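Next come the chains, spelled out residue by residue.
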Amino acid sequence: MLAVRFVRLVATILAVSFLTFLMVNLLPGDPINALIPPEAQNNQEFVEQLREEFGLNDPMLVRYANWLGDAVTGDLGKSVITSQPVAGEIWRRLPITAELAIVAVGFSLLIAIPLGTLSAYKQGKRVDQGISAVAQVSLSIPNFVLGLLLIYLFAMKLQWLPATGWTRLTESVSGNIKSVLLPAMSLALAEIAVYTRVVRSDMISTLQEDYVLSARAKGLKDRFILLRHALRPSSLTLITVVGLNVGALIGGTVVMEVLFAIPGLGKRLLDAIYQRDFLMVQGITVFVAVVYVTINTLVDIIYMLVDPRIRKKV
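Calculation rules
Residues numbered from 1 in each chain as written. Predicted model: local features only at pLDDT ≥ 70, side-chain atom pairs only at ≥ 80, totals over all residues. Heavy atoms only, no water. Axes fitted to C-alpha atoms, helices over the stretch in contact; angles between N-to-C directions. Helix = DSSP H or I, 4+ residues; strand = E, 2+ residues; numbered from the N terminus. Parallel < 35°, antiparallel > 145°, perpendicular 65-115°, else oblique. Left-handed = near helix turned anticlockwise from the far one by under 90°. Contact = heavy atoms within 4.5 Å. Buried < 20%, exposed > 50% of the residue type's maximum accessible area, 1.4 Å probe, protein only. Nonpolar A, V, L, I, M, F, W, Y, C, P; charged D, E, K, R; others polar. Phe/Tyr/Trp six-rings, centres within 6.5 Å; stacked < 30°, edge-to-face > 60°. pLDDT = per-residue confidence, 0-100. Salt bridge = Lys/Arg side-chain N within 4 Å of Asp/Glu carboxyl O. Expected span 1.5 Å × (residues − 1). Arc of directions from axis to C-beta. Core = buried A, V, L, I, M, F, W, Y, C linked by side-chain atoms within 4.5 Å.

## Quick notes on the packing of helix H8 (residues 210-217) against helix H9 (residues 222-230)
Relative orientation of the contacting elements H8 and H9 amounts to 150 degrees, with a least axis distance of 10 Å. As the angle between them shows, H8 and H9 are arranged roughly antiparallel. Where H8 crosses over H9, the two elements pack in a sense that is right-handed. Contacts between H8 and H9 involve Tyr211, Val212, Ala215 and Arg216 from the former and Asp222, Ile225 and His229 from the latter.

## Quick word on the environment of Arg197
Note on placement: Arg197 falls in helix H7 (residues 173-206). Judged by its relative accessible area of 39%, Arg197 falls in the partly exposed class. Placed 41 residues apart in sequence, Arg197 and Leu238 show a C-alpha to C-alpha distance of 9.6 Å. The contacts of Arg197, once residues within four sequence positions are left out, are Ser132, Ala135, Gln136 and Leu139.

## Thoughts on the packing of helix H6 (residues 143-157) against H7
Axes are the key here: two packed helices are described by the angle between their axes and the distance separating the axes. Interaxial distance between H6 and H7 falls to 9 Å at its minimum, and their mutual angle equals 140 degrees. The angle between the axes of H6 and H7 places the two elements in the oblique class. Crossing hand, H6 versus H7: right-handed. Listed contacts from H7 to Asn143, Leu146, Gly147, Leu150, Ile151 and Phe154 of H6 are Leu182, Met185, Ser186, Leu187, Leu189 and Ala190. Broken down by class, the residue content of the contact of H6 with H7 amounts to nine nonpolar, three polar and no charged.

## Some thoughts on the packing of aromatic side chains
One pass over the structure, following the stated rule, counts five aromatic pairs. Summarising the aromatic geometry, the rings of Tyr64 and Trp67 are spaced 6.3 Å apart at their centres and angled 25 degrees between planes, so their arrangement reads as stacked. Note that Tyr64 and Trp67 are positioned in helix H3 (residues 60-72) at a spacing of three residues, about one turn of the helix. We classify Trp67 as buried; its relative accessible area is 6%. Measuring from centroid to centroid gives 6.1 Å for Phe154 and Trp160, while their planes differ by 45 degrees, and the two rings are tilted. A relative accessible area of 56% means that Trp160 is categorised as exposed.

## Observations regarding the confidence of the model for the chain
Model confidence for the chain is summarised by a mean pLDDT of 83, while 93% of its residues fall at 70 or above. When mean pLDDT is compared element by element in the chain, helix H4 (residues 86-121) scores highest at 91, while helix H14 (residues 308-313) scores lowest at 58.

## Observations regarding the pattern of salt bridges
Overall, the coordinates contain six salt bridges when judged by the stated rule. Residue Arg93 pairs with Glu89 through a salt bridge whose shortest N-O separation is 2.8 Å. Here Glu89 and Arg93 lie together in helix H4, a separation of four residues that amounts to about one turn. Across the pair, Glu89 and Arg93 agree in class, each one buried.

## Some points on helix H5 (residues 126-140)
The end-to-end C-alpha separation of H5 is 21 Å, in line with the 21 Å expected for 15 residues at 1.5 Å each. Along H5, the positions that sit buried rather than exposed are Asp128, Ile131, Ala135 and Ser138. All buried residues of H5 lie within an arc of 90 degrees about the axis, which places them on one face of the element. Exposed and oriented more than 90 degrees from the buried face of H5 are Arg126 and Ser140. In the core, the buried residues of H5 are packed alongside H4 and H7.

## Overview of helix H2 (residues 44-53)
Within H2 the residues assigned to the buried category are Val47, Leu50 and Arg51. The buried residues of H2 occupy an angular sector of 100 degrees when the element is viewed end-on, so they sit on one face. The exposed residues of H2 that point more than 90 degrees off its buried face are Glu45, Gln49, Glu52 and Glu53. Once H2 finishes, Gly55 follows within two positions and takes phi at roughly 75 degrees, a positive value.

## A closer look at the nonpolar core
With 68 residues, the main nonpolar core has Trp67, Leu76, Ile90, Tyr195 and Ile284 as its most contacted residues. The greatest single-element share of this core, amounting to twelve residues, is contributed by helix H13 (residues 278-306). Not counting residues up to four positions away in its chain, the partners in contact with Leu76 are Trp67, Ala71, Val86, Ala87, Ile90, Leu279 and Gly283. Counting nine residues, the second-largest nonpolar core is a separate cluster that includes Ala120, Ile204, Ile225 and Leu226.

Spelled out as structure tokens, the structure:
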């Protein structure tokens with residue numbers, strides 16, 4: 001079973017890498033124009049020399065095969081703009097984006113699981129209706145709008161937190177916490193609403209199972225039943241959604257990183273697209289795809305650990 005998943009993982013990465021390579025090559029314009037000043041672009045001999053140097057005159061399949069052969073060894077090429085190794089740029093910026101995504105997911109789970117559980121326990125009552133209404137409103141607010149509101153309130157009015165910039169954890173722990181709070185909160189709002197609804201829906205179904213009714217008949221306390229008997233089987237869907245969202249957040253923090261001027265992976269990808277830095281775009285996209293499919297494979301394994309019925313089927 002694990003071997004099949006590994007084959008699927010490799011096939012997905014190959015498909016994503018090829019499609020990305022194809023789409024980057026279909027973009028209009030010549031990437032060499034981003035390297036040289038406008039007056040040098042009329043010097044065809046010089047332009048051809050650079051195209052030959054970067055291998056742009058080779059057929060696309062040959063270039064993809066050459067790139068893939070190097071990528072297997074960990075060499076994702078060099079940026080055509082800065083000449084910096086793509087792999088080095090990814091590893092330098094990855095901790096920033098990963099921390100932002102992990103803190104956002106942590107915030108979300110910390111708030112959503114108790115809210116979803118309480119909402120299911122109080123199904124149909126005012127508490128449930130209030131939580132559902134707040135979740136609905138949260139889903140309707142775009143992340144960047146909330147980010148602007150948080151900047152206005154906490155950075156400009158109260159001056160508690162910085163509006164932009166990033167402090168690495170190795171430089172200052174308190175500075176790092178201050179710089180991650182606003183963007184993480186902005187990312188977490190919609191996730192809280194989604195996770196709350198997922199937990200509520202699954203928990204309501206679980207609370208109607210015979211073994212839960214039996215536990216109630218034995219006189220066990222509601223808190224014990226909720227945490228011991230209901231929360232674990234109700235977490236399967238949540239695990240799937242969280243796994244998908246973590247992978248998506250790694251590549252989907254572009255807006256927050258631009259809004260808060262955070263030098264993460266998403267902002268670097270956006271800059272590379274503007275600059276037609278095709279090797280950087282290719283490298284970052286494939287890396288995000290690898291993270292995404294790897295996390296989903298880990299989610300499948302966690303499934304088996306959480307639910308013994310799935311483990312027995314395997």
